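Survey of secondary and tertiary structure
So you can see what is in the structure, the chains are spelled out below.
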Amino acid sequence: MSKQVIVVGSGNAALCAGIAALEAGAQVLMLEKADEALAGGNTKYTAGAMRFAYDGADDLLPLLKDPDDPRLEITDFGGYTTTRFAEDLLGFNGGRPLSPEQERLISGSLPALQWLGGHGVKFEPIYSRQSFEKDGRHVFWGGLTLAAENEGVGLFEMELAAFERLGGAIRYSSAVTGLLSQEGRVIGVQAGDEDIPADAVILACGGFEASEARRKEWMGGHWDKAKVRGTPMNTGDGLAMASGIGAQRYGLMDGCHATPMDLHMADYGGLDLPASERKNYRKICYFLGVMLNANGDRFVDEGENFRNYTYAQFGKAVLDQPGHFAWQIFDAKVDDLLYAEYSFHDAHFVQADTLAELCQKLEGVDADAARATLDAFNKAVNDDTPFDPTSLDGKNTPDLPLPKSNWAQKLDTAPFKAYPVTGGITFTYGGLKVSENGEVLRNDDTPIKGLYAAGEMVGGVFFEGYPGGSGLTSGAVFGQNAGRNAAQ
Ligand SMILES: Cc1cc2nc3c(=O)[nH]c(=O)nc-3n(C[C@H](O)[C@H](O)[C@H](O)COP(=O)(O)OP(=O)(O)OC[C@H]3O[C@@H](n4cnc5c(N)ncnc54)[C@H](O)[C@@H]3O)c2cc1C
């Protein structure tokens, strides 16, 4: 008789788990807290980009939506070895070695993409953002090379279609509120008033980034004040339910992906804009100017490193400031270099012809102190070194107690602009510990029989940052594994 498997959530991890369980012969019921429009969780908010190790074009071509695209003839995809994937993860590990979960992510990445391809998920090369043109050819950097057709929404729709084709059932507006267990084994779930029995339950219901209370409790700091970039649904329900029956919390519980965001964006991400526009609420060009807090002080070295290596920590730094906000200040010299997110139709900013006038317009800021900080900054700028935004140019502010180590140009060209920002949270890194077959482990590392986890719910995959595109791949690798094993 086939196993009854319940999957909690309907994002990428849940759908991969559901498809794999169906493939292995189980009957699968997926329970989703959101209504049909908001189902799919953070997965729908992504650009659908997935990072995986590959040897070259031969690994990629079978995955493509359009294998006859004429650009393919003049494209060099290069390769992305497992070693490079490991190095990229290690770059965000803060000195930690690769975790066992990261090793699984790397080795399972290409097989997971091929498996998705086998279920009708189509991918496209990310020509616009991940390649450059050289001698008439499109040359990819490697790493983040393919994205699902129609971004995160497309990924969700293609996976859902595969799940339903195989006979999976999904119920929307059905939040799972408890786990049923007997003699240490999970035997089903509670969804409101209803008890639903199952042979196995797979939790794939996201992190706790959307719960102010759980961010405060599990992360501390000022994380409760953060804006949420994605779905309002990921409130840590799965983590709380599993912890309630003895599951081990694992990974960096106060770790998350964060970024400076427009102070006036909505409290949660909306799905009304395409993913390419949605990310415009981010504001990560601080390295071209300076950031001031309410006291009129700078509080980070805006030019410490390339923005990829600083924006997550600066998202947190902004939250830690009085009132949990800051202003990013630029002059007209860098106007052309500011990313599209600064000219986005819903970008908030003030503008003035002098720095004195601009400081008066910075709501919530001590204007005199701000003016003094900017004057001191301008005075300290090292004029002998040329500005070069493509390298760590060493154009700095030698005499400032808090230096700007690169890209320090005087703010001296009108009009001056200032953008108000706060910290936004993308997703949390702390979660549950799972065994090699995806079962949730207790504190003594014994498995809770019948309980599996995947996706954002798995701890130990990311620590102080993540190489873009590996969140979705993690969901696919751990989801597929959990689904296959839960069905057996
Ligand atoms: C703005 C944004 C951009 C991103 N861009 C990328 C990117 O380009 N590439 C990348 O790899 N990653 C990206 N990420 C991260 C990525 O979204 C996640 O890593 C991934 O989607 C997580 O998948 P998941 O299935 O674990 O969770 P989700 O996709 O969030 O799914 C969780 C689901 O569980 C449901 N749920 C929650 N509680 C319950 C409950 N009690 N009962 C039933 N259902 C419940 C939720 O409604 C949701 O549908 C981005 C995230 C955001 C917010």
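Bear in mind that the values here come from a model prediction, so they are computed numbers and not experimental data.

Cut-offs and rules
Residues numbered from 1 in each chain as written. Predicted model: local features only at pLDDT ≥ 70, side-chain atom pairs only at ≥ 80, totals over all residues. Heavy atoms only, no water. Helix = DSSP H or I, 4+ residues; strand = E, 2+ residues; numbered from the N terminus. Rg over C-alpha atoms; globule rule 2.2 N^0.38 Å. Buried < 20%, exposed > 50% of the residue type's maximum accessible area, 1.4 Å probe, protein only. Contact = heavy atoms within 4.5 Å. Areas by Shrake-Rupley, 256 points an atom, 1.4 Å probe, with all protein chains shown as cover. Lys, Arg positive; Asp, Glu negative; His and termini not counted. Charge placed at Lys NZ, Arg CZ, Asp CG, Glu CD. Expected span 1.5 Å × (residues − 1). Polar contact = N/O pair within 3.5 Å; in protein donor to acceptor, adjacent residues only side chain to side chain. Near = heavy atom within 4 Å. Nonpolar A, V, L, I, M, F, W, Y, C, P; charged D, E, K, R; others polar. Pairing = 2+ DSSP bridges. Axes fitted to C-alpha atoms, helices over the stretch in contact; angles between N-to-C directions. Left-handed = near helix turned anticlockwise from the far one by under 90°. Phe/Tyr/Trp six-rings, centres within 6.5 Å; stacked < 30°, edge-to-face > 60°. Lys NZ or Arg CZ within 6 Å of the ring centre and 35° of its normal. Domains from an automatic or database assignment. Buried area = accessible area lost by both parts, 1.4 Å probe. Salt bridge = Lys/Arg side-chain N within 4 Å of Asp/Glu carboxyl O.

So, about the overall build of the chain. Looking only at helices and strands, one finds 13 helices and 23 strands in the chain. The C-alpha atoms of the chain give a radius of gyration of 24 Å, which matches the 23 Å a tight globule of 488 residues would have. The proportion of buried residues among the 488 residues of the chain is 59%. Of the contacts made within the chain by residues no fewer than 6 positions apart, 72% connect residues no fewer than 24 positions apart. As presented, the chain carries roughly 19,200 Å² of accessible surface, and 48% of it is formed by carbon and sulfur atoms. Of the charged side chains in the chain, 42 are positive and 67 negative, and the gap between their average positions amounts to 2 Å.

Each α-helix turn comprises 3.6 residues. Residues three or four places apart therefore point the same way. With 14 residues, helix α12 (residues 367–380) should reach 20 Å at 1.5 Å per residue; the first-to-last C-alpha distance of 20 Å fits that figure. Restricting attention to buried positions, one finds in α12 the residues A367, A369, A370, T373, L374, F377, N378 and A380. If you follow the buried residues of α12, they end up packed against β17 (290–292) and α11 (355–361). The backbone nitrogen of D368 has a side-chain oxygen 3.2 Å away, supplied by the residue at the start of α12, namely D366.

Moving on to the side chain of E209. The residue E209 is located in the loop between β13 (200–203) and α7 (212–219) in this model. Apart from residues lying up to four places away in sequence, E209 is in contact with N42, R215, V228, N234, I425, T426, F427, T428 and E456.

Here we come to the site of the ligand. Contacts to the ligand come from 36 residues, most closely from E32, N42, T43, N234 and L472. Within the side chain of E32, a nitrogen or oxygen atom sits 2.6 Å from an oxygen atom of the ligand. Contacts to the ligand include G469, whose backbone N or O atom sits 3.3 Å from an oxygen atom. For the shell around the ligand, the secondary structure elements donating two or more residues are α1 (12–23), β20 (416–428) and α13 (470–486). Looking at the shell around the ligand element by element, the count peaks at three residues for α13. Residue composition of the shell around the ligand, grouped by class: 14 nonpolar, 18 polar and four charged.

Right, let's talk about the pairing of strand β23 (residues 447–453) for a bit. Judged by how many residues are buried, β23 sits mostly within the fold: five of seven residues are covered. The sheet contact formed by β13 and β23 spans three bridges and is parallel. Looking at the pairing, L203 lines up with A453 of β23. Both strand β22 (residues 439–441) and β23 contribute to a ladder of two bridges, which runs antiparallel. Looking across to β23, one finds that E439 is bridged to Y452. The antiparallel pairing of β22 with β23 creates a hairpin that spans five residues between the two strands, and D445 there sits at a positive phi of about 70°.

With that out of the way, let us pick up the packing of helix α3 (residues 82–90) against helix α4 (residues 100–118). The N-to-C vectors of α3 and α4 enclose an angle of 145°; their axes lie 10 Å apart at closest approach. Every pair of crossing elements has a handedness; the one defined by α3 and α4 is right-handed. Residues T82, F85, A86 and L89 of α3 lie in contact with α4, whose contacting residues are Q102, L105, I106 and S109. In terms of residue class, the contact of α3 with α4 is built from five nonpolar, three polar and no charged.

Let us now look at the packing of aromatic side chains. Per the counting criterion, the structure on display carries 21 aromatic pairs. Three or more aromatic residues joined by ring pairs form one cluster here, namely Y286, F287, F306, F314, Y339 and W407. For K44, the ring lying beneath its charged end belongs to F156, and the centroid distance is 4.7 Å. In this structure, K417 packs its charged tip against the face of F349, placed 5.5 Å from the ring centre.

The sheet built from three strands is open, its strands ordered β4-β7-β6 with mixed pairing. Bordering the open sheet on either side are β4 (75–76) and β6 (131–134), each of which pairs with just one other strand. Pairing of β6 with strand β7 (residues 137–140), which is carried by four bridges, proceeds in the antiparallel orientation. The partner of K134 across the bridge, within β7, is R137.

The next point concerns the domain arrangement of the chain. Split into domains, the chain comes out as domain 1 (4–207 + 429–486) and domain 2 (258–424). On a C-alpha basis, the centres of domain 1 and domain 2 stand 35 Å from each other. Across the boundary between the two partners, domain 1 contributes nine residues, which contact nine residues of domain 2. Interface area for domain 1 against domain 2, summed over the two sides, is near 650 Å², with a carbon-plus-sulfur share of 62%. Interface area lost by domain 1 to domain 2 is led by Y45, F92 and E151, which between them contribute 60%. At the junction of domain 1 with domain 2, the criterion picks out zero salt bridges. Applying the counting criterion to the domain 1 and domain 2 interface returns three residue pairs in polar contact (both at pLDDT 80 or more). When the residues that make up the side of domain 1 that touches domain 2 are grouped by side-chain class, the tally is five nonpolar, one polar and three charged.

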